[in-house]
Amino acid sequence: MTDFRIFSILFYYIVMEKRYKIGEFALMIGVSLQTLRKWEKAGKLTSYRSFGKVRYCTHEQYLELTGGSVGSSKTEETSVIYA
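The rules we used
Residues numbered from 1 in each chain as written. Predicted model: local features only at pLDDT ≥ 70, side-chain atom pairs only at ≥ 80, totals over all residues. Heavy atoms only, no water. Pairing = 2+ DSSP bridges. Helix = DSSP H or I, 4+ residues; strand = E, 2+ residues; numbered from the N terminus. Contact = heavy atoms within 4.5 Å. Axes fitted to C-alpha atoms, helices over the stretch in contact; angles between N-to-C directions.

(A) Main features of the sheet that holds strand β2 (residues 48-49). Strand order across the open sheet formed by 3 strands is β1-β3-β2, with antiparallel pairing between neighbours. Since the sheet does not close on itself, it has two edges, and those belong to β1 (19-21) and β2, each with one partner. When β2 meets strand β3 (residues 55-58), the two strands line up antiparallel, connected through 2 bridges. Bridging across to β3, Y48 finds its partner in Y56. Those strands touched by helix α4 (residues 59-66) are β1, β2 and β3, and its axis lies near 65° from that of β3.

This is the structure:
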């Protein structure tokens with residue numbers, strides 16, 4: 001495998017795939033960091049580690065846990081009206 005091919009594969013997984021640090025992920029899905037750790041031990045969630053050993057979860061995992069699908073990611077907007 002050439003260096004360019006290895007670089008291309010790493011580039012895709014590091015840059016193109018949306019990743020969230022464990023703390024961010026916990027806030028996004030509305031659970032505590034401790035709950036995520038329990039889910040990891042129980043096998044409900046698999047976190048990954050970056051080269052710097054920072055744990056992260058992927059956007060696909062977020063969609064799975066929130067009931068979304070990879071192809072139909074929609075963002076919700078909240079409107080606040082002041083009277």
